[in-house]
Amino acid sequence: MNVLVLNGPNLNMLGIREPGIYGTQTYDDLEDLCHAAGAEAGFETVGVFQSNHEGDLVDAIQEARGVYDGIVINPAAYTHTSIAILDALKAVGLPAVEVHISDVDSREPFRQTSYAGMACFARVAGEGLQGYAHAIRMLAEHLEA
Ligand code: DQA
C-alpha cells in the first residue's frame, strides 16, 4: 500500500504562519509526522508533496494514478475554491481523506464550503498536525476493509 499526502498553498509556512491557528510546528515536522504515521499504518511508500500552485496539485493527483493506493489531502485555501482539484480527485477515483489543521467549520463562513471534500470518503479537521496521522490511519483502515 502506498499513500500520497498532498498539501496546498501556504502550508510550507507552518511554524511562521498564524501560529495561534496552525501551531508552531514546521512543514518539516509535518513531513516527518506523515512518514512516521504512514509507516506505522502499514504503508510501504509515503509520498509527501506541497505546492502553492493549483495546477501542480492537479498534476500530482493525476500522476498518483497507478502509483498510490490513496490520497490524504489538505488543499488549504483551494479547498474552498477549486473545482479543478475536485475534478482531478474524481477523475483518478482513488480513495481520499480530506484533512485540515484547524477546525474550518468554526471559522469564517467562506471556509465552510469544501469542493475537494465532495470527492473524499472522510474528513478530519481541528486536530492540529496529528490530524494527518488520524487521516492516514483512516485511509489504511479503508484500504484494508
Ligand atoms: C486549512 C484551512 C483553510 O481554510 C486555510 O485556507 C488553510 C489551511 C487548515 O489546514 O486548517 O490554508 O486547510
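For the structure itself, consult the block above.
These lines cover the structure that appears in this document, whether it is placed above or below. (Residues numbered from 1 in each chain as written. Predicted model: local features only at pLDDT ≥ 70, side-chain atom pairs only at ≥ 80, totals over all residues. Heavy atoms only, no water.)

Our next topic: the packing of aromatic side chains. Going through the model one piece at a time under the given rule, you end up with 0 aromatic pairs. Directly above the ring of Tyr22 sits Arg17, whose terminal nitrogen or CZ lies 4.2 Å from the centroid. (Phe/Tyr/Trp six-rings, centres within 6.5 Å; stacked < 30°, edge-to-face > 60°. Lys NZ or Arg CZ within 6 Å of the ring centre and 35° of its normal.)

Time to look at the nonpolar core. Counting 28 residues, the largest nonpolar core has Val5, Phe43, Val72, Tyr132 and Ile136 as its most contacted members. Contributions of two or more residues to this core are made by β1 (2-7), α2 (27-40), β2 (45-50), β4 (96-100), β5 (122-125) and α5 (130-144). Counting 19 residues, the second largest nonpolar core, distinct from the first, contains Leu6, Val58, Tyr68 and Cys120. (Core = buried A, V, L, I, M, F, W, Y, C linked by side-chain atoms within 4.5 Å. Buried < 20%, exposed > 50% of the residue type's maximum accessible area, 1.4 Å probe, protein only. Helix = DSSP H or I, 4+ residues; strand = E, 2+ residues; numbered from the N terminus.)

This next bit is on the site of the ligand. Neighbouring the ligand are Arg17, Tyr22, Asn74, Ala76, Ala77, His80, His100, Ile101, Ser102, Val104 and Arg111. At 2.8 Å, a side-chain N or O of Arg17 approaches an oxygen atom of the ligand. The side chain of Asn74 places a nitrogen or oxygen atom 2.8 Å from an oxygen atom of the ligand. Here the ligand loses 98% of its free accessible area of 320 Å² to cover by the protein chains. Of the pockets mapped on this structure, the ligand occupies the largest pocket. Considered class by class, the residues forming the shell around the ligand number 5 nonpolar, 4 polar and 2 charged. (Near = heavy atom within 4 Å. Polar contact = N/O pair within 3.5 Å; in protein donor to acceptor, adjacent residues only side chain to side chain. Areas by Shrake-Rupley, 256 points an atom, 1.4 Å probe, with all protein chains shown as cover. 1 Å grid on protein atoms, 1.4 Å probe; cavity = no way out; pocket = protein on both sides within 12 Å on 5 of 7 lines; lining within 4 Å. Sits in = over half its atoms within 2 Å of the grid points. Nonpolar A, V, L, I, M, F, W, Y, C, P; charged D, E, K, R; others polar.)

All right, on to the layout of surface pockets then. Of the volumes computed, that of the largest pocket is approximately 150 Å³. Of the residues belonging to the lining of the largest pocket, the class tally is 7 nonpolar, 5 polar and 3 charged. (Points joined across faces, edges and corners; volume = space filled by probe spheres on them.)

With that settled, consider the environment of Arg107. If you trace the backbone, Arg107 turns up in the loop between β4 and β5. On the basis of relative accessible area, Arg107 is assigned to the buried category, the value being 19%. Considered as a pair, Arg107 and Gly55 are 52 residues apart in the sequence and their alpha carbons are 26 Å apart. Those residues in contact with Arg107 that lie beyond four places of it in its chain are Ile21, Tyr22, Ser102 and Gln112. Here Ser102 takes part through its side chain, which lies 2.9 Å from a polar atom of the side chain of Arg107. (Contact = heavy atoms within 4.5 Å.)

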